[in-house]
Amino acid sequence: MSSHPSSSDPSGSASGSFHRLHPKVQRWVWTQGWKELRGIQEVAIAPIIEGTQDVILSASTASGKTEAAFLPICSRLAEDSGGSVRAIYIGPLKALINDQFERLDGLCDGLGIAVHRWHGDVSQGHKARLLKSPAGILLITPESLEALFIRQGSALASLFSSLEHIVIDELHAFIGTERGCQLQSLLHRVELTLRRNVPRVGLSATLGDMTLAAEFLRPGAGEKVRLCNSDSGGGELLLQLRGYRKRTPDARRLAPGEDEESSDGLPEDEHDVGAHLFKTLRGTHNLVFANSRANVELYADLLRRMCEQAQLPNEFFPHHGNLSKELREEAEAALKARQRPVNLVCTTTLEMGIDVGAVQSIAQVGVPPSVASLRQRLGRSGRKGGPAVLRLYLQEAELTKTSPLPDQLRMRLVQSVAMLELLLTNWFEPPASGAFHFSTLVQQLLSLIAQHGGVKAGEAFSALCQAGPFARVSREDFVHFLRGLGQRELLSQSSDGTLLLGRVGERIVNQYSFYAAFASVEEFRLVASGRTLGTMPIDQPLFVGTYLIFGGRRWRVLAVQGDEKVVELEPAPAGRVPMFESTGVGGVHDRVREQMRAVYAGDGIPRYLDARAQELLAEARATFQRWGLSERSIITSGREVHVFPWAGDAVVHTLALSLQASGLSVETLGAVLSVEGMQSDVEGALRGLVAEGPPRAEALTTHVANMALEKHDGFVPEDLLARDYAARYLDVQGAWRAAQRVLQ
DNA sequence: GACCTGCTGCGGCGTG
């Protein structure tokens with residue numbers, strides 16, 4: 001492409017902000033052969049090039065958001081050069097930073113703008129070069145920025161002295177998390193160091209209510225954030241929910257001499273799902289979301305063997321967080337190349353970030369974790385005008401006389417239907433909010449002390465709480481928090497009152513694991529013929545001779561080297577799906593449970609259900625009617641009383657703790673509470689709850705055995721920890737209202 | 001009944 005005739009001039013688009021870009025940037029756009037700027041790129045130019053306000057750019061995956069931010073930013077940087085870093089890009093993944101580095105380098109090359117990347121895999125030589133002559137754009141992770149504060153605390157002010165922009169990629173991935181809270185604190189600390197505001201640009205997938213994202217980007221002034229949205233809108237969606245009956249063990253047909261762990265170690269139910277996946281997906285490119293790493297391994301192994309049986313080259317590869325980077329990148333590259341059929345069986349690893357190109361369809365095996373994540377997964381399919389295709393596979397147990405009520409009510413199927421209905425109305429869960437994040441406050445306080453060598457309590461409160469991201473922590477709470485950290489030797493105080501690192505604090509800060517706000521477990525490394533396949537939690541019982549499925553293949557343990565935490569494997573004909581550590585706390589939203597009730601009470605049959613799923617839905621509704629659940633929400637079945645609050649996990653959890661506090665023995669079965677005893681006792685306890693008003697969270701959390709879930713929670717005073725726990729996992733108002741509803 | 005992300009300094013060794 002040598003010339004740029006005006007007929008294909010990108011400036012020909014309607015609103016015409018193109019001319020505001022630097023001439024050299026305009027030329028770069030032409031040389032890319034772009035006919036016109038994408039919508040988001042067009043609307044982003046004016047607010048970013050002015051360089052005074054915070055902006056959120058929201059659009060679907062692969063809509064050119066990065067360029068939307070950097071065309072105007074580079075236009076400013078090309079004008080003149082400063083003697084320090086002029087723009088920081090913060091990304092959640094090293095792989096994403098590497099991707100963006102390649103893309104930006106092409107743009108910046110002709111503009112004379114330096115581009116640096118800084119994360120754990122970047123050599124010390126490159127890092128030293130930036131420190132020596134800081135300039136241009138810096139691409140960095142939150143953890144590496146944290147390390148800069150601690151290691152280069154005194155040099156930061158000059159390193160960033162002419163900083164004009166901070167870009168945050170995948171903003172939605174940070175909201176509501178410890179890591180996001182750390183990021184907010186780092187952004188604030190950059191501004192404190194420079195003694196001025198630096199405009200922020202957040203790049204995000206479309207979130208329903210963007211005001212939350214705006215408030216996250218600029219705490220306390222979210223209403224001033226400029227929102228630029230260019231959602232191409234929902235295209236056509238082809239949807240199917242396939243129902244399967246899981247056979248009970250005695251109903252399974254077993255060949256003589258075979259047990260359940262027979263030739264391939266799988267019950268037939270997974271075969272049914274696997275057979276349909278194989279038949280439907282083979283020969284094309286698709287993503288299969290299987291919810292857990294264990295299920296990813298199970299289906300990847302099953303589908304690979306189906307390829308072998310059909311004498312085809314393997315088309316199915318696993319992808320999850322415990323697989324080695326090498327294996328994951330191979331799988332990603334194979335899919336992206338489009339040279340042969342490739343299907344990836346994955347966890348949440350492929351929901352965001354890495355670009356593998358659009359796929360023919362999405363398969364979801366099992367209940368999706370949330371409507372929001374289902375939507376994100378769906379976004380991977382159906383680009384370029386074609387329809388998005390989603391197949392949901394759901395197994396429900398074959399019923400017997402002793403089947404538990406949730407099975408009889410087909411709750412997994414009904415929850416999935418409810419979530420699909422909500423997806424179709426364009427609703428999805430807002431990101432979490434309301435936590436205090438004391439664990440991350442521990443980290444940020446220690447980091448602040450390390451950065452400056454010491455800090456006054458009042459200054460720390462002002463920097464982190466008053467004007468920082470921990471605004472919900474009062475002065476009184478902060479003093480109490482400091483005392484707790486002092487007792488645990490994280491802090492000490494000099495004679496003039498300056499806070500210093502204590503014996504334990506010093507030790508924590510000097511470990512490199514300190515830079516991450518989240519915790520990680522020690523793991524074994526799995527090695528076959530000198531090649532690292534990935535890792536497994538260290539508490540796994542592994543012995544020589546143990547059979548294992550990993551990386552979608554079958555292995556036998558050859559040796560376990562405890563000192564080096566290495567497990568050597570050799571190929572084997574048999575295998576067993578490994579158990580991975582799991583500590584998940586559920587998070588089903590109120591709205592999903594309300595919709596489930598509507599699905600039970602309604603009589604419409606969604607068109608996307610296959611014949612088996614329709615049968616299962618009919619069974620669910622028959623059970624619902626038989627128990628009279630449209631009129632009442634508390635029933636007795638055998639020795640158990642079942643309570644149906646039709647509310648989210650926070651309400652269910654709060655009710656369970658309230659009933660426990662009244663001396664009852666309670667078990668939570670997803671949406672249902674199962675209580676031992678007489679219905680009158682349960683009703684009495686609920687009436688007591690209603691009479692007393694919303695329960696006090698402090699009273700309920702005394703029944704929670706382990707509230708220390710986040711990295712530094714062990715250092716946080718118990719009462720503050722209880723408040724954080726309540727803010728995250730309980731809903732006292734909702735539980736009180738639910739108790740009233742249940743009794744009606 | 002879950003999932004994901006990240007990381008420094010330094011000693012020891014081999015190679016140019």
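Conventions used here
- Residues numbered from 1 in each chain as written.
- Chains lettered and ligands numbered in written order.
- Predicted model: local features only at pLDDT ≥ 70, side-chain atom pairs only at ≥ 80, totals over all residues.
- Heavy atoms only, no water.
- Helix = DSSP H or I, 4+ residues; strand = E, 2+ residues; numbered from the N terminus.
- Rg over C-alpha atoms; globule rule 2.2 N^0.38 Å.
- Buried < 20%, exposed > 50% of the residue type's maximum accessible area, 1.4 Å probe, protein only.
- Areas by Shrake-Rupley, 256 points an atom, 1.4 Å probe, with all protein chains shown as cover.
- Lys, Arg positive; Asp, Glu negative; His and termini not counted.
- Charge placed at Lys NZ, Arg CZ, Asp CG, Glu CD.
- Contact = heavy atoms within 4.5 Å.
- Core = buried A, V, L, I, M, F, W, Y, C linked by side-chain atoms within 4.5 Å.
- Domains from an automatic or database assignment.
- Salt bridge = Lys/Arg side-chain N within 4 Å of Asp/Glu carboxyl O.
- Pairing = 2+ DSSP bridges.
- 1 Å grid on protein atoms, 1.4 Å probe; cavity = no way out; pocket = protein on both sides within 12 Å on 5 of 7 lines; lining within 4 Å.
- Points joined across faces, edges and corners; volume = space filled by probe spheres on them.
- Nonpolar A, V, L, I, M, F, W, Y, C, P; charged D, E, K, R; others polar.
- Axes fitted to C-alpha atoms, helices over the stretch in contact; angles between N-to-C directions.
- Phe/Tyr/Trp six-rings, centres within 6.5 Å; stacked < 30°, edge-to-face > 60°.
- Buried area = accessible area lost by both parts, 1.4 Å probe.
- Parallel < 35°, antiparallel > 145°, perpendicular 65-115°, else oblique.
- Left-handed = near helix turned anticlockwise from the far one by under 90°.
- Disulfide = S-S within 2.5 Å.

- The name given to chain A in an unreviewed UniProt entry is DEAD/DEAH box helicase.

### Brief notes about the overall build of chain A
Part 1: A count of helical and extended segments in chain A gives 26 helices and 25 strands.
Part 2: The C-alpha radius of gyration computed for chain A amounts to 28 Å, which stays within 12% of the reference 27 Å derived for 744 residues, consistent with globular compactness.
Part 3: Seen through its C-alpha atoms, chain A measures out along the principal axes to roughly 80 × 70 × 60 Å.
Part 4: Within chain A, the fraction of its 744 residues that count as buried is 54%.
Part 5: Roughly 32400 Å² of accessible area belongs to chain A as shown, and the carbon and sulfur atoms make up 49% of that amount.
Part 6: Side-chain charges of chain A comprise 78 positive and 85 negative groups, with the mean position of each set lying 3 Å from the other.

### Quick word on the environment of Leu-464
Part 1: Mapped onto the secondary structure, Leu-464 falls in helix H17 (residues 457-466).
Part 2: Along the primary structure Leu-464 and Gln-184 are separated by 280 residues, whereas in three dimensions their C-alpha atoms are 9.9 Å apart.
Part 3: Contacts of Leu-464, omitting those with residues within four sequence positions, involve Ser-185, Leu-441, Gln-444, Leu-445, Leu-448, Pro-469 and Phe-470.

### Considerations on the nonpolar core
Part 1: Leu-241, Met-411, Leu-420 and Phe-644 are the most contacted members of the largest nonpolar core, which has 55 residues in total.
Part 2: Sorting elements by how many residues they give to this core places helix H15 (residues 411-424) first, with nine residues.
Part 3: Of the domains in this structure, domain 2 (237-250 + 267-398) and domain 4 (523-743) are the two that each give at least three residues to this core.
Part 4: Residues within four places of Leu-241 in sequence aside, it is in contact with Leu-392, Leu-394, Leu-413, Ser-416, Val-417, Leu-420, Tyr-608, Leu-609, Asp-610 and Ala-613.
Part 5: In this structure, Phe-436, Phe-438, Ala-460 and Leu-464 belong to the second largest nonpolar core, which totals 45 residues.

### Notes on the pattern of salt bridges
Part 1: Under the criterion given, the structure shown has 33 salt bridges.
Part 2: Note that Glu-396 and Arg-410 form a salt bridge whose closest N and O atoms lie 3.8 Å from each other. Residue Glu-396 is located in strand S13 (residues 388-397), and its partner Arg-410 is located in the loop between helix H14 (405-408) and H15; the two are separated by 14 residues in the primary sequence. An identical accessibility class is assigned to Glu-396 and Arg-410; each is buried.
Part 3: Asp-649 serves as the salt-bridge partner of Arg-593, at 3.0 Å between the closest nitrogen and oxygen. Here Asp-649 lies in helix H22 (residues 649-661) and Arg-593 lies in helix H20 (residues 590-601), a separation of 56 residues in the sequence.
Part 4: Residue Asp-649 is classed as buried on the basis of its relative accessible area, which comes to 18%.

### Digging into the pairing of strand S18 (residues 531-537)
Part 1: Relative to S18, strand S17 (residues 523-528) is paired through six bridges, and the arrangement is antiparallel. Counterpart to Ala-528 in the pairing with S18 is Arg-531.
Part 2: Counted along the chain from S17 to the antiparallel partner S18, the turn is two residues long, and its residue Ser-529 has a positive phi close to 45°.

### Focus on empty space enclosed by the protein
Part 1: This structure, assessed with the given rule, holds two cavities of 30 Å³ or more.
Part 2: Considered as a void within the structure, the largest cavity measures approximately 60 Å³ in volume.
Part 3: Lining the largest cavity, in full, are Met-707, Leu-709, Glu-710, Asp-713, Leu-721, Asp-724, Tyr-725, Arg-728 and Tyr-729.
Part 4: Considering only residue class, the lining of the largest cavity consists of five nonpolar, no polar and four charged.
Part 5: A volume near 30 Å³ is recorded for the second largest cavity.
Part 6: The wall of the second largest cavity is formed by Pro-47, Ile-48, Gly-51, Thr-52, Gln-53, His-165, Pro-199 and Val-201.

### Some words on the sheet that holds S18
Part 1: Pairing in this open sheet of five strands is mixed, and the strands run S18-S17-S21-S20-S19 from one edge to the other. Because the sheet does not close on itself, it has two edges, and the strands there are S18 and strand S19 (547-550). Taken over all neighbouring pairs, the strand axes of this sheet differ in orientation by 40° on average, direction set aside.
Part 2: With six bridges joining them, strand S20 (residues 553-561) and strand S21 (residues 566-571) adopt antiparallel strand pairing. Residue pairing for S21: Arg-556 is matched across the bridge by Glu-570.
Part 3: Contacts from helix H11 (residues 293-309) reach S19 and S20 within the one sheet, and its direction differs from that of S20 by about 125°.

### Observations regarding the environment of Ala-363
Part 1: Mapped onto the fold, Ala-363 is located in strand S12 (residues 361-365).
Part 2: By relative accessible area, which is 1% here, Ala-363 ends up buried.
Part 3: Apart from residues lying up to four places away in sequence, Ala-363 is in contact with Leu-277, Leu-287, Val-288, Phe-289, Arg-391 and Tyr-393.

### Notes on the packing of aromatic side chains
Part 1: In total, this model carries 14 aromatic pairs according to the counting rule given.
Part 2: Ring centres of Phe-436 and Phe-438 lie 5.5 Å apart, and the angle between their planes is 5°; this geometry places the pair in the stacked category. Each of the two residues, Phe-436 as well as Phe-438, counts as buried.
Part 3: Ring geometry for Tyr-725 against Tyr-729: centres 5.0 Å apart, planes inclined by 55°, an arrangement best described as tilted. Placement of both Tyr-725 and Tyr-729 in helix H25 (residues 718-729) is noted, with a separation of four residues, approximately one turn of the helix.

### A short note on the domain arrangement of chain A
Note on interface size: it is often stated as the accessible area lost on association of the parts.
Part 1: When cut into domains, chain A gives domain 1 (18-230), domain 2 (237-250 + 267-398), domain 3 (438-512) and domain 4 (523-743).
Part 2: Using C-alpha coordinates to define each centre, domain 1 is positioned 33 Å away from domain 2.
Part 3: Counting residues at the interface gives 13 residues for domain 1 and eight residues for domain 2.
Part 4: Of the roughly 790 Å² buried between domain 1 and domain 2 on both sides combined, carbon and sulfur atoms contribute 54%.
Part 5: At the junction of domain 1 and domain 2, the tally comes to one salt bridge.
Part 6: Measuring nitrogen to oxygen at the nearest pair gives 3.4 Å for the salt bridge that ties Lys-325 to Asp-121.
Part 7: Along the lines of polarity and charge, the residues of the side of domain 1 that touches domain 2 split into seven nonpolar, three polar and three charged.

### Here's the deal with the packing of helix H6 (residues 142-151) against helix H8 (residues 178-194)
Part 1: At their nearest, the axes of H6 and H8 sit 10 Å apart, and the two run at 40° to each other. By the angle between their directions, the pair H6 and H8 is classed as oblique. By crossing handedness, the relation of H6 to H8 is classed as left-handed. Together, Pro-142, Glu-143, Leu-145, Glu-146 and Phe-149 of H6 and Arg-179, Gln-182, Leu-186, Arg-189, Val-190 and Thr-193 of H8 make up the contact between the two elements.
Part 2: Here the contact of H6 with H8 is built from residues that sort into five nonpolar, two polar and four charged.

### Thoughts on unusual backbone geometry
Part 1: Unusually for a residue other than glycine, Arg-195 sits at a positive phi of about 60°.
Part 2: Inspection of the secondary structure puts Arg-195 in the loop between H8 and strand S6 (200-204).
Part 3: In this model, Glu-489 sits at a positive phi of 65°, which is unusual for a non-glycine residue.
Part 4: Locating Glu-489 in the fold gives a position in the loop between helix H18 (475-487) and strand S15 (491-493).

### Here's the deal with the state of the cysteines
Part 1: This structure, assessed with the given rule, holds zero disulfides.
Part 2: This cysteine, Cys-346, is not joined by any disulfide, and Cys-307 carries the nearest cysteine sulfur, 17 Å off.
Part 3: According to the relative accessible area criterion, Cys-346 is buried, its value standing at 0%.
Part 4: Of all cysteine sulfurs in the structure, the one in Cys-181 sits closest to Cys-465, which takes part in no disulfide; the separation is 10 Å.

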